[in-house]
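# Observations on chain architecture
Listed below are the residues making up each chain.
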Amino acid sequence: RLRSPLSYRAKPDPARSHLLPPSMSIGHFDASHSAEALSILEDEGQSLLGRAHKARRELVEFAFAPLLPDKVARKLVERFPEGALREGVVGFDSFARSGEAVLGAFGDWYSLLVHAAEWRELSLQLLASLSRELGALNFELSPLAVGGYLELACQHARLFLLLGSVLAGPDSKGRLAAAAYCRMHQ
């Protein structure tokens, strides 16, 4: 059984909880907690950036061949995310037999993508709320709020540029890992 080197879980910071209170969860955002939400989302964004950098490095080094025959890998990347891989593809049986190993190898990568999508939704919601609250974003009146706003916007851009480069890179390893995980989860 193959053991995956891919683990991107961030170590929790014992000094503070990284869980958003219910008032700041997706669909229940309360702008009155903007300062707290900004701080928590900045920490989470930093954690996601670290996990994404580690994921990129480990995906580049990961040996896909034992889990994914070349023909299967090519078809997965070509048809992801719309099309399903058919059982008639040469090497599909080998791929199907390695289902548990595929799920174990790429589960953390998929978890990172899901967590990043949730963080994206909350961070965009907070950025929109802060834009309305801060109006003209006057640095002289509220330098901490403006600085936090700009830092969160920059983190957002850095994270999704990095994830985009992993998913759409020339070797397509990030896309292949996501496609293989999704296909096994069907």
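Just so you know, these numbers come straight off a predicted model, no measurement behind them.

## Examining the overall build of the protein chain
- Helix and strand content of the protein chain: six helices and zero strands.
- Along its sequence from the N terminus, the protein chain presents helices and strands in the succession α-α-α-α-α-α.
- Residues classed as buried in the protein chain amount to 40% of the 186 residues present.
- In the form shown here, the protein chain has an accessible surface area of approximately 10500 Å², with 56% of it arising from carbon and sulfur atoms.

## A short note on the nonpolar core
- Within the largest apolar cluster, 46 residues are counted, with the highest numbers of intra-cluster contacts made by Leu68, Phe95, Phe106 and Trp109.
- When contributions to this core are tallied by element, the ones reaching two or more residues are α1 (34-61), α2 (70-79), α3 (92-97), α4 (99-134), α5 (143-167) and α6 (173-185).

## Side note on the pattern of salt bridges
- Evaluated as defined, the whole model comprises one salt bridge.
- A salt bridge links glutamate 151 to arginine 158; the nearest nitrogen and oxygen atoms lie 3.4 Å apart.
- The class for arginine 158 is partly exposed, based on a relative accessible area of 39%.

## A short note on the packing of α2 against α6
- Interaxial distance between α2 and α6 falls to 9 Å at its minimum, and their mutual angle equals 90 degrees. Judged by the inter-axis angle, α2 sits roughly perpendicular to α6. Two secondary-structure elements touch here, α2 through Ala73, Leu76 and Val77 and α6 through Arg175, Leu176, Ala179, Ala180 and Arg183.
- Residue classes in the contact of α2 with α6 are distributed as six nonpolar, no polar and two charged.

## Quick look at the packing of aromatic side chains
- Within the structure shown, the criterion is met by five aromatic pairs.
- Relative to phenylalanine 106, the ring of phenylalanine 62 has its centre 5.4 Å away and its plane inclined at 70 degrees; by these criteria the two rings are edge-to-face. Of this pair, phenylalanine 62 sits in the loop between α1 and α2 while phenylalanine 106 sits in helix α4, and the two are 44 residues apart along the sequence. Phenylalanine 106 carries the same exposure label as phenylalanine 62, and that label is buried.

## Digging into the confidence of the model for the protein chain
- When pLDDT is averaged across the protein chain, the result is 76; 75% of the residues are at 70 or more.
- Mean pLDDT across the elements of the protein chain ranges from a minimum in α3, with 78, to a maximum in α1, with 89.
- pLDDT under 50 marks residues 1-29. Its contacts with residues more than four places away, or in other chains, come to 61 contacts.

The rules behind each value
Residues numbered from 1 in each chain as written. Predicted model: local features only at pLDDT ≥ 70, side-chain atom pairs only at ≥ 80, totals over all residues. Heavy atoms only, no water. Helix = DSSP H or I, 4+ residues; strand = E, 2+ residues; numbered from the N terminus. Buried < 20%, exposed > 50% of the residue type's maximum accessible area, 1.4 Å probe, protein only. Areas by Shrake-Rupley, 256 points an atom, 1.4 Å probe, with all protein chains shown as cover. Core = buried A, V, L, I, M, F, W, Y, C linked by side-chain atoms within 4.5 Å. Salt bridge = Lys/Arg side-chain N within 4 Å of Asp/Glu carboxyl O. Axes fitted to C-alpha atoms, helices over the stretch in contact; angles between N-to-C directions. Parallel < 35°, antiparallel > 145°, perpendicular 65-115°, else oblique. Contact = heavy atoms within 4.5 Å. Nonpolar A, V, L, I, M, F, W, Y, C, P; charged D, E, K, R; others polar. Phe/Tyr/Trp six-rings, centres within 6.5 Å; stacked < 30°, edge-to-face > 60°. pLDDT = per-residue confidence, 0-100.

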